[in-house]
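Summary of structural features
One letter stands for each residue in the lines below.
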Amino acid sequence: MAEKCLELKEIKKSFSKEETVYVNAAADGTPEDITVSDWLKNSASAGDLSDESDLKDIKNVKGDETFEQDGSNLTWNTEDKDIYYQGTTNKDLPVSMEIKYYLDGVQVSPSDLGGKSGHLKIEVNYTNNVKNKTKVGKKTTDVYAPFV
């Protein structure tokens, strides 16, 4: 009986995922294009890796390995390699920004700056959009995720 248990024992393949988000924004800070780059680190040299992603237009950017998609589930044929892929998203960003331009102390539109000279001041305001309700003592309050 012990031999059968050993034969049926499932060995889990391990991998880790690193994700970077790139945002192309308009002059006022409004996001225009959001590209997400994922790196699946195949430390166990697994033949196939399963990953979850809601990205659109997914493409492998550092190899010829292919994937099959079932909803948000991706199964990559890794050929025992790391996988680097990118896709796009329309999700809200955890941090938003607003950019204002001042020429000689007067706020101006970025489209009006071409060909002008003077003292330019650019003001960038960030807003942290990631918060959770947390109970602190007897009071429930919003706690924002830290960011740099």
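The text that follows walks through the structure, step by step, so that each part is easy to find.

Thoughts on the overall build of the protein chain
- Looking only at helices and strands, the protein chain has 1 helix and 12 strands in total.
- Counting from the amino terminus, the protein chain carries its helices and strands in the arrangement α-β-β-β-β-β-β-β-β-β-β-β-β.
- Taken across its 148 residues, the protein chain has 20% of its residues classed as buried.
- Partitioning the intrachain contacts of the protein chain with sequence separation of at least 6 by distance along the chain shows that 51% fall at a separation of at least 24.

Regarding the pairing of strand β2 (residues 31-41)
- Direction of pairing for strand β1 (residues 16-25) relative to β2: antiparallel, over a ladder of 10 bridges. By the bridge assignment for β2, Thr20 is matched with Ser37.
- Counting the residues that bridge the hairpin from β1 to β2 gives 5 residues, and of these Gly29 lies at a positive phi of roughly 100 degrees.
- Where β2 meets strand β7 (residues 83-88), 6 bridges bridge the pair, whose relative direction is antiparallel. Across the sheet, the residue bridging to Leu40 is Ile83, located in β7.

Examining the sheet that holds strand β5 (residues 67-70)
- Strand order in the open sheet formed by 3 strands is β3-β6-β5, with antiparallel pairing between adjacent strands. Pairing within the sheet leaves two strands with one partner each, and these edge strands are β3 (48-52) and β5. Adjacent strand axes in the sheet meet at a mean angle of 20 degrees, parallel and antiparallel pairs treated alike.
- Direction of pairing for β5 relative to strand β6 (residues 73-77): antiparallel, over a ladder of 4 bridges. Among the inter-strand pairings, Asp70 is bridged to a residue of β6, identified as Asn73.

Some thoughts on the sheet that holds β1
- Across the sheet, which stays open at both edges, the 4 strands sit in the order β1-β2-β7-β4 with antiparallel pairing between neighbours. Of all strands in the sheet, those with a lone pairing partner are β1 and β4 (56-60), marking the two edges. Strand after strand, the sheet turns through a mean of 20 degrees between neighbouring axes, direction not considered.
- Inspection of the sheet shows β4 paired to β7 by 3 bridges, in the antiparallel sense. Bridged to Asn60 within β7 is Tyr85.

Section: the nonpolar core
- Residues Val36, Leu40, Ala46, Leu49, Leu55, Ile58, Leu74, Trp76, Ile83 and Tyr85 constitute the largest nonpolar core, which totals 10 residues.
- Looking at this core, the elements that each hand over two or more residues are β2, β6 and β7.
- Those residues within four positions of Val36 in sequence are excluded, and the remaining contacts are Glu19, Thr20, Val21, Leu55, Tyr85, Gln86, Gly87 and Thr89.

Regarding the packing of aromatic side chains
- This structure, assessed with the given rule, holds 3 aromatic pairs.
- Between the aromatic rings of Phe67 and Trp76, the centroid separation amounts to 4.6 Å while the plane-to-plane angle is 40 degrees, which identifies the pairing as tilted.
- The exposure class assigned to Phe67 is partly exposed, which follows from its relative accessible area of 27%.
- We classify Trp76 as buried; its relative accessible area is 0%.
- The ring of Tyr84 carries the charged tip of Lys62 above its face, separated from the ring centre by 4.4 Å.
- Positioned above the aromatic ring of Tyr102, the side-chain terminus of Lys121 is 5.0 Å from the ring centre.

Criteria and thresholds
Residues numbered from 1 in each chain as written. Predicted model: local features only at pLDDT ≥ 70, side-chain atom pairs only at ≥ 80, totals over all residues. Heavy atoms only, no water. Helix = DSSP H or I, 4+ residues; strand = E, 2+ residues; numbered from the N terminus. Buried < 20%, exposed > 50% of the residue type's maximum accessible area, 1.4 Å probe, protein only. Contact = heavy atoms within 4.5 Å. Pairing = 2+ DSSP bridges. Axes fitted to C-alpha atoms, helices over the stretch in contact; angles between N-to-C directions. Core = buried A, V, L, I, M, F, W, Y, C linked by side-chain atoms within 4.5 Å. Phe/Tyr/Trp six-rings, centres within 6.5 Å; stacked < 30°, edge-to-face > 60°. Lys NZ or Arg CZ within 6 Å of the ring centre and 35° of its normal.

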